[in-house]
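# Observations on chain architecture
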Amino acid sequence: MNTAVLRTEVRLFRREPGALFWILLFPTLLLVILGSIPSFRNHDADLGGLRTIDVYVPVAVLLGLIVGGLQSMPQTLTGYRERGILRRMSTTPVRPAALLTAQMTVYGGAALASALLALLVGRFAFAVRLPEQLPGYLLALVLAVLAALALGAVVSALSRTTKIAGAIGSAVFFPAMFCAGVWAPVQTMPDVLARIVGYTPFGAAAEALNRAAAGDWPGWNHLGVLVAWTVLLTAAASRWFRWE
């Protein structure tokens, strides 16, 4: 029965061109635009010899999961609650928790697919090296996805309507993008600001991904920040989430 719910959610997701574009394609499109700027393909001493396009690949990787976790999933879940779908499901053998699990699987899978696309385009279009510490990179990426989904679940829990979900999601979305390095990569931030950002889920994820991409194991402090945020946000979502 849970498999049937998952198949249904995947089918519905594939019918949403907006979600497909913003989660799967937009981060890579942004990467292509940035990589088309000649100066972004030049090595920069301020970036430790890296090119600007090199440091923006992890940013593109994070952008897809931020969009999916904070914008798309809360709108969908809140819409289901608003239309009474979750209430009606509670009277059937399919529990609402199955739908929540399916939603997180769909958007988590989409975020990982978006990350893979960004990595491949960065490699083959702009000669960006693939992560040298692959196990550490995958661990940091999975933890970042879990943190984004947990934060999205909190947004869903706090939202009575899709309009409120959109407003709260947008309010969290832009700071999340800043911490991920969309406007300024974490490597270019002043030391004090970078340390502060490193305590946020997406700032910690950016730092962990950068270290793994360079061949080092992600810092345990950054991984610990991601785990702590995931646990806290999951607990908050479980406490505040209402099916009706």
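Everything quoted here is computed from the prediction, not taken from an experiment. (Residues numbered from 1 in each chain as written. Predicted model: local features only at pLDDT ≥ 70, side-chain atom pairs only at ≥ 80, totals over all residues. Heavy atoms only, no water.)

## Quick notes on the overall build of the protein chain
Looking only at helices and strands, the protein chain features ten helices and zero strands. Radius of gyration (C-alpha) of the protein chain: 18 Å, near the 18 Å computed for a compact globule of 244 residues. The C-alpha extent of the protein chain, read off along each of the three principal axes, is 60 × 35 × 30 Å. The long-range fraction of contacts in the protein chain, counting pairs at least 24 apart against all pairs at least 6 apart in sequence, stands at 74%. Across the protein chain, the 19 positively charged side chains and the 11 negatively charged ones have centroids separated by 15 Å. (Helix = DSSP H or I, 4+ residues; strand = E, 2+ residues; numbered from the N terminus. Rg over C-alpha atoms; globule rule 2.2 N^0.38 Å. Contact = heavy atoms within 4.5 Å. Lys, Arg positive; Asp, Glu negative; His and termini not counted. Charge placed at Lys NZ, Arg CZ, Asp CG, Glu CD.)

## Details of the packing of aromatic side chains
Tallied over the entire structure, the rule returns six aromatic pairs. Ring plane angle 85° and centroid distance 5.5 Å describe the contact between Phe13 and Tyr107, whose orientation is recorded as edge-to-face. With Phe13 in helix α1 (residues 2-14) and Tyr107 in helix α5 (residues 96-126), this residue pair connects regions lying 94 residues apart in the sequence. Note on accessibility: Phe13 and Tyr107 belong to one class, buried. An angle of 50° between the planes, with centres 6.3 Å apart, marks the rings of Phe21 and Phe26 as tilted. Residue Phe26 is classed as partly exposed on the basis of its relative accessible area of 23%. (Phe/Tyr/Trp six-rings, centres within 6.5 Å; stacked < 30°, edge-to-face > 60°. Buried < 20%, exposed > 50% of the residue type's maximum accessible area, 1.4 Å probe, protein only.)

## Here we look at the UniProt feature "transmembrane region" (unreviewed entry) in the protein chain
Cross-referencing UniProt, the feature "transmembrane region" (unreviewed entry) maps to residues 20-40, 55-77, 98-125, 137-158, 165-184 and 220-241 in the present numbering. Strand forms 0% of residues 20-40 and helix 76%; the C-alpha atoms that close the span are 27 Å apart. Between the C-alpha atoms that bound residues 137-158 there is a distance of 32 Å. The span itself is 100% helix and 0% strand. (UniProt positions renumbered as here; feature names shortened; annotations may be inferred.)

## Focus on the nonpolar core
One finds Val61, Leu62, Leu65, Ile66 and Phe202 to be the most contacted residues of the largest nonpolar core, which totals 66 residues. Where this core is concerned, the elements lending two or more residues are α2 (17-35), α3 (52-82), α5, α6 (134-158), α7 (162-180), α8 (191-197), α9 (201-213) and α10 (220-240). For this core, the element with the most residues is α3, which contributes 15 residues. When neighbours within four sequence positions are excluded, Leu65 is seen to be in contact with Ala111, Leu141, Ala144, Val145, Ala148 and Phe202. Counting residues in each nonpolar core, the second largest holds eight residues, with Leu86, Ala102, Ala157 and Phe241 among its members. (Core = buried A, V, L, I, M, F, W, Y, C linked by side-chain atoms within 4.5 Å.)

## Re the side chain of Glu207
Mapped onto the secondary structure, Glu207 falls in helix α9. Summary of buried charges: Glu207 has no salt-bridge partner, and the nearest side chain of opposite charge, Arg211, is 7.1 Å away. For Glu207, the contacting residues outside a window of four places in its chain are Val186, Ala194 and His222. (Salt bridge = Lys/Arg side-chain N within 4 Å of Asp/Glu carboxyl O.)

## With respect to a positive patch on the surface
On the surface, Arg7, Arg11, Arg14 and Arg15 cluster together into a positively charged patch. Relative accessible area serves as the criterion here: at 41%, Arg11 is assigned to the partly exposed category. (Patch = residues over 30% accessible without salt bridge, like charges linked within 9 Å, V, L, I, M, F, W, Y side chains within 5 Å. Areas by Shrake-Rupley, 256 points an atom, 1.4 Å probe, with all protein chains shown as cover.)

## Let's talk about α2
Here α2 contains 19 residues, and its C-alpha end-to-end distance of 25 Å stays within 8% of the 27 Å for a straight helix at 1.5 Å per residue. Helix geometry: α2 is bent most strongly at Leu25, by close to 50°, with proline Pro27 lying one to four residues after it. Where α2 is concerned, the buried positions are Ala19, Ile23, Pro27, Thr28, Leu31, Leu34 and Gly35. (Expected span 1.5 Å × (residues − 1). Bend = angle between axes of the 7 residues up to and from the residue.)

## Here's the deal with the environment of Leu233
Looking at the secondary structure, you find Leu233 in helix α10. Exposure remark for Leu233: the relative accessible area of 10% places this residue in the buried category. Sequence separation between Leu233 and Leu63 is 170 residues; the distance between their C-alpha atoms is 19 Å. Excluding anything up to four places from it in sequence, Leu233 contacts Ala147, Ala150, Leu151 and Val154.

## Overview of the packing of α6 against α7
Where α6 contacts α7, the axes come no closer than 9 Å and their chain directions differ by 140°. The orientation of α6 relative to α7 falls into the category oblique. Judged by the sense of rotation from one axis to the other, the crossing of α6 with α7 is right-handed. Note on element contacts: α7 touches α6 through Ile164, Ala165, Ile168, Gly169 and Val172, opposite Leu151, Val155 and Leu158. (Axes fitted to C-alpha atoms, helices over the stretch in contact; angles between N-to-C directions. Parallel < 35°, antiparallel > 145°, perpendicular 65-115°, else oblique. Left-handed = near helix turned anticlockwise from the far one by under 90°.)

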